[in-house]
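Structural overview for review
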Amino acid sequence: MIDHRKDEPGDRIRSREEGASAVEFALIAPLLFLLVFAIVYFGIAFLRMQTLRSSVREGGRAAAVGAPTTGEIQAKVQDASIGSIPDAGDVVVSRLCDGDGSVGEDVTVSYDTHNLPDGGIVVTAPFLPELRLTPVISASFRCEV
């Protein structure tokens, strides 16, 4: 089939722009992928941090309602961490709520994330430098017994 239409002045301009969107995507895609991967890896690190916070809070609650020993509180924290805290001995308990005038006093349970196997919570997103988060996570409650 023969094309009988005449060449119009805009045809040359359109033919020059045919690959422009592919080039623009090639320029923007690495930044887009970097942003997406960074969001995912920071999300994973935030999840690990929240798991540790939640487990320390569980230990604080156990201490506030009268857990009899420091070892039991530490074990409660380690169990609640779902394997994130490798050694229960690294959990620090400020005092026991033993009922002898301790009602209304504060008890604090804390965990230093330097004690994690990697030396903290590590964010390793592709194409970004490694980031190590090392907060001390603590929970304070009032003794109830």
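As a reminder, the structure under discussion sits directly above these lines.
In this report, we go over the structure that sits alongside the text.

The rules behind these values
Residues numbered from 1 in each chain as written. Predicted model: local features only at pLDDT ≥ 70, side-chain atom pairs only at ≥ 80, totals over all residues. Heavy atoms only, no water. Salt bridge = Lys/Arg side-chain N within 4 Å of Asp/Glu carboxyl O. Helix = DSSP H or I, 4+ residues; strand = E, 2+ residues; numbered from the N terminus. Disulfide = S-S within 2.5 Å. Buried < 20%, exposed > 50% of the residue type's maximum accessible area, 1.4 Å probe, protein only. Patch = residues over 30% accessible without salt bridge, like charges linked within 9 Å, V, L, I, M, F, W, Y side chains within 5 Å. Areas by Shrake-Rupley, 256 points an atom, 1.4 Å probe, with all protein chains shown as cover. Contact = heavy atoms within 4.5 Å.

In the structure shown here, the tally under the stated rule is four salt bridges. With its nearest N and O atoms 3.6 Å apart, the salt bridge here joins Arg 142 to Asp 106. Linking Arg 142 in strand β5 (residues 136–142) with Asp 106 in strand β2 (residues 106–112), this pair joins segments that are 36 residues apart in sequence.

The next thing to look at is the state of the cysteines. Considering all chains together, one arrives at one disulfide under this definition. Sulfur-sulfur distance for the disulfide between Cys 97 and Cys 143 comes to 1.8 Å. Sign of the S-S torsion, about -60° for the bond between Cys 97 and Cys 143, identifies this disulfide as left-handed. With Cys 97 in the loop between β1 (91–93) and β2 and Cys 143 in the segment after β5, this residue pair connects regions lying 46 residues apart in the sequence. Judged on exposure class, the residue Cys 97 and its partner Cys 143 are both buried.

Here we take up a nonpolar patch on the surface. Taken together, the side chains of Val 23, Phe 25, Leu 27, Ile 28, Leu 32, Phe 33, Val 36, Phe 37, Val 40 and Ile 44 present a nonpolar region at the surface, about 950 Å² in accessible area. Secondary-structure assignment places Leu 27 in helix α2 (residues 20–64).

We now examine the environment of Asp 106. Note on Asp 106: relative accessible area 44%, which makes it partly exposed. Setting aside residues up to four positions removed in sequence, Asp 106 forms contacts with Ser 94, Arg 95, Phe 141 and Arg 142.

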